[in-house]
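If you want the building blocks of each chain, they are given just below.
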Amino acid sequence: MANEIVGRFAPAPTGPLHLGSLVAAVGSYLFARAAGGRWLVRIEDLDTPRAVPGADGEILEALDRYGLVWDGDPQYQSRRTPLYDAALALLRASGSVFDCGCSRSDLQRAGSAPLAADSGGLVYPGTCRHGLPAGKEARAVRFRVDREIIAFDDLVHGRVEEDLSSITGDFVIKRADGQFAYQLAVVVDDAEQSITQVVRGADLLRSTPRQIALQRALGYRTPQYAHLPLVVGADGSKAGKRDRALSLPTLDRDRVAATLTRALRILGIERVRPAEPAEMLQEALTRFAVESIPRGNAVIR
Ligand code: GLU
């Protein structure tokens, strides 16, 4: 169906689901189901050094335990590399990418401004953008960024605008270790899976303009975006998967209900009666309202 709503949850299998990722799972689920749409699960296991064997199974079991029923089979990025190769070939053909021979220390020496944390902290100074300098070998592939404002309307955060040339510069889409970067894979997968709404943690708000730039270069549609509250520690740091206070109860039914209540509260949905998770989600759906989702982070003490 042309107008079908399709949402997704796209965890990296770097550990079991924790409160922060449960919020992203429940939020993306509620968005999709409230619109009568489908909800897919995609395991983002491209970053193989960080992938933990068995974590994918644990995540899927946890979703099941929390009543989050997905559509179709979960997809694994590691099995989809031909799609990323094809996208890279298209980008090469249109001159949108270039080979880069710079190492991290080259970039540091070039004195790039330290900015966007998830760009590796550096704005690319353009060293290889007009061809590899003599003596340098291709390491990574970078996407060429123009000086232009990329803007989108986030359903939670409102208007977001960014000039990528001053935030990241030309950014990496295939890394020196041969792995496709998250930015490319996520854009290809979202388009290929016909995702119409990307609902995820607010740590990725600032990645979105890069993803939109790639969508435009590849001729893809831009989905709707909604970035959800992050669960952070008292010091503001993103709560990690190893943080024991946030690990999810596995067996005890009452504690599952309590944790789901907590996740729903973070999404602005109060007073859902403790019950079986599926029932709780059903009740949450009747009360789900985008306007009630807080813009700020949820601080866990
Ligand atoms: N795999 C990413 C993560 O676990 C999420 C990517 C996304 O939702 O776009 O943080």
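Everything that follows concerns the structure shown earlier in this document.
Below, the structure is looked at part by part. Because the structure is a prediction, the values reported are computed rather than measured.

## Re the overall build of the protein
- Secondary structure assignment for the protein yields 9 helices and 12 strands.
- A compact globule built from 301 residues should have a C-alpha radius of gyration of about 19 Å, and the protein, at 20 Å, falls within 12% of that.
- The C-alpha extent of the protein, read off along each of the three principal axes, is 65 × 45 × 35 Å.
- Among the 301 residues that make up the protein, the fraction classed as buried is 50%.
- Contacts in the protein between residues at least 24 apart in sequence constitute 75% of all its contacts with a sequence separation of at least 6.
- Of the roughly 14300 Å² of accessible surface on the protein, 49% is carried by carbon and sulfur atoms.
- With 38 positive and 37 negative side-chain charges, the protein shows a spacing of 3 Å between the two charge centroids.

## Focus on helix α1 (residues 19-34)
- For α1, with 16 residues, the first-to-last C-alpha span of 22 Å sits near the 22 Å given by 1.5 Å per residue.
- Once α1 ends, the next one or two residues include Gly-36, with phi positive near 70°.

## Side note on the pairing of strand β6 (residues 149-154)
- Residue alternation in β6 divides its side chains into a buried set, Ile-150, Phe-152 and Asp-154, and an unburied set, Ile-149, Ala-151 and Asp-153.
- The pairing of β6 with strand β7 (residues 158-163) spans 6 bridges and is classified as antiparallel. When the sheet's bridge partners are listed, Ala-151 is paired in β7 with Glu-161.

## Some remarks on the packing of aromatic side chains
- In total, this model carries 7 aromatic pairs according to the counting rule given.
- Seen from their ring centres, Phe-31 and Phe-288 are 5.0 Å apart, and the 70° between their planes marks the pair as edge-to-face. Note that Phe-31 is positioned in helix α1 and Phe-288 in the loop between α9 (277-287) and β12 (298-300), a separation of 257 residues in sequence. Here the two residues Phe-31 and Phe-288 agree in accessibility, since each one is buried.
- When the ring of Phe-98 is compared with that of Tyr-124, the centres are 6.0 Å apart and the planes differ by 35°; the resulting orientation is tilted. With Phe-98 in strand β4 (residues 97-100) and Tyr-124 in the loop between α4 (104-109) and β5 (140-143), this pair connects stretches of sequence that are 26 residues apart.
- Taking relative accessible area as the criterion, Phe-98 reaches 5% and is therefore assigned buried.
- Put simply, the rings of Phe-9, Tyr-29 and Trp-39 pair up and form one aromatic cluster.
- Above the plane of the ring of Tyr-76 lies Arg-79, whose end atom (NZ or CZ) is 4.2 Å from the centre.

## A closer look at the nonpolar core
- Membership of the largest hydrophobic core comes to 45 residues, with the highest contact counts inside it found for Phe-9, Val-26, Leu-30, Trp-39, Leu-63, Leu-68 and Leu-264.
- Residue assignment for this core shows that the elements contributing at least two residues are α1, β2 (38-43), α2 (55-65), β10 (224-228), α8 (253-266), α9 and β12.
- At 10 residues, the largest contribution of residues to this core is made by α1.
- Residues Tyr-84, Val-186, Leu-205 and Tyr-225 belong to the second largest nonpolar core, which totals 31 residues.

## Things to note about the site of the ligand
- Taken together, Arg-8, Ala-10, Pro-11, Ala-12, Glu-44, Tyr-182, Val-186, Arg-200 and Leu-204 are the residues near the ligand.
- Arg-200 places a polar side-chain atom, nitrogen or oxygen, 2.8 Å from an oxygen atom of the ligand.
- Relative to its free-state accessible area of 300 Å², the ligand is covered by the protein chains to the extent of 79%.
- Grouping the amino acids of the shell around the ligand by side-chain chemistry returns 6 nonpolar, no polar and 3 charged.

Conventions adopted
Residues numbered from 1 in each chain as written. Predicted model: local features only at pLDDT ≥ 70, side-chain atom pairs only at ≥ 80, totals over all residues. Heavy atoms only, no water. Helix = DSSP H or I, 4+ residues; strand = E, 2+ residues; numbered from the N terminus. Rg over C-alpha atoms; globule rule 2.2 N^0.38 Å. Buried < 20%, exposed > 50% of the residue type's maximum accessible area, 1.4 Å probe, protein only. Contact = heavy atoms within 4.5 Å. Areas by Shrake-Rupley, 256 points an atom, 1.4 Å probe, with all protein chains shown as cover. Lys, Arg positive; Asp, Glu negative; His and termini not counted. Charge placed at Lys NZ, Arg CZ, Asp CG, Glu CD. Expected span 1.5 Å × (residues − 1). Pairing = 2+ DSSP bridges. Phe/Tyr/Trp six-rings, centres within 6.5 Å; stacked < 30°, edge-to-face > 60°. Lys NZ or Arg CZ within 6 Å of the ring centre and 35° of its normal. Core = buried A, V, L, I, M, F, W, Y, C linked by side-chain atoms within 4.5 Å. Near = heavy atom within 4 Å. Polar contact = N/O pair within 3.5 Å; in protein donor to acceptor, adjacent residues only side chain to side chain. Nonpolar A, V, L, I, M, F, W, Y, C, P; charged D, E, K, R; others polar.

None of this, on its own, says anything about what the molecule does.
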